[in-house]
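# Architecture at a glance
The residues making up each chain are set out below.
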Amino acid sequence: MTEEGTLTRATHTDVREGDPVCQLREVLDRVGDKWSVLVMHLLGSGSKRYSELQRAIDGISQRMLTLTLRSLERDGLVERTVTPSSPPRVDYALTPVGRTLSTQVAALIDWADRHREYVAASRVRYDAGG
């Protein structure tokens, strides 16, 4: 029984699989992850090989790039194409749904780039206590 004035929405501790709130949080977790954002941004300009992605993303480990690509593929945002050759060529590209997200990611990255100095200065002021 819920008392008057008590929140009845689900919280992070009681969401269940299949719950729309849980599903939304899972999608936001995926597309909001820093590595996913960078991968999606790079693939927005066209398909890339694994090595191209790894060179372009400073600080990402091989393991993290592999996990990120697999997660994006699992979510239907990235497709992996293997071309039989020696050695096999593997390319990654955005799916049609991934391309719709790519425009949003590009806007987010543009905003971050335009405001990074402001954010850095704000952090310095905050950390200095005023």
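Presented here is a report on the structure given in the accompanying data block.

Conventions used here
- Residues numbered from 1 in each chain as written.
- Predicted model: local features only at pLDDT ≥ 70, side-chain atom pairs only at ≥ 80, totals over all residues.
- Heavy atoms only, no water.
- Axes fitted to C-alpha atoms, helices over the stretch in contact; angles between N-to-C directions.
- Helix = DSSP H or I, 4+ residues; strand = E, 2+ residues; numbered from the N terminus.
- Parallel < 35°, antiparallel > 145°, perpendicular 65-115°, else oblique.
- Contact = heavy atoms within 4.5 Å.
- Expected span 1.5 Å × (residues − 1).
- Buried < 20%, exposed > 50% of the residue type's maximum accessible area, 1.4 Å probe, protein only.
- Arc of directions from axis to C-beta.

At a minimum axis separation of 10 Å, helix H2 (residues 34-43) and helix H4 (residues 62-74) run at an interaxial angle of 75°. In terms of their interaxial angle, H2 and H4 are classed as roughly perpendicular. In this structure, H2 contributes Trp35, Ser36, Val39 and Met40 to the contact, and H4 contributes Met64, Leu65, Thr68, Leu69 and Leu72.

Right, let's talk about the packing of H2 against helix H5 (residues 96-127) for a bit. One way to put it is that H2 packs onto H5 with a least axis distance of 9 Å and a crossing angle of 110°. Compared by their axis directions, H2 and H5 come out roughly perpendicular. Contacts between H2 and H5 involve Val37, Met40 and His41 on the former and, on the latter, Gly98, Leu101, Ser102, Val105, Ala106 and Ile109.

Looking now at the environment of Val37. Within the secondary structure, Val37 sits in helix H2. Setting aside chain neighbours within four positions, we find Val37 in contact with Val31, Gly32, Val105 and Ile109.

This brings us to H4. The first and last C-alpha atoms of H4 sit 18 Å apart over 13 residues, in line with the 18 Å expected at 1.5 Å per residue. Taken residue by residue, H4 has Leu65, Thr68, Leu69 and Leu72 as its buried positions. For H4, the angular spread of the buried residues around the axis is 95°, confining them to a single face. Along H4, the residues that are exposed and aim more than 90 degrees away from the buried face are Arg63, Arg70 and Arg74. Downstream of H4 by one or two residues, Gly76 has phi in the positive range, about 80°.

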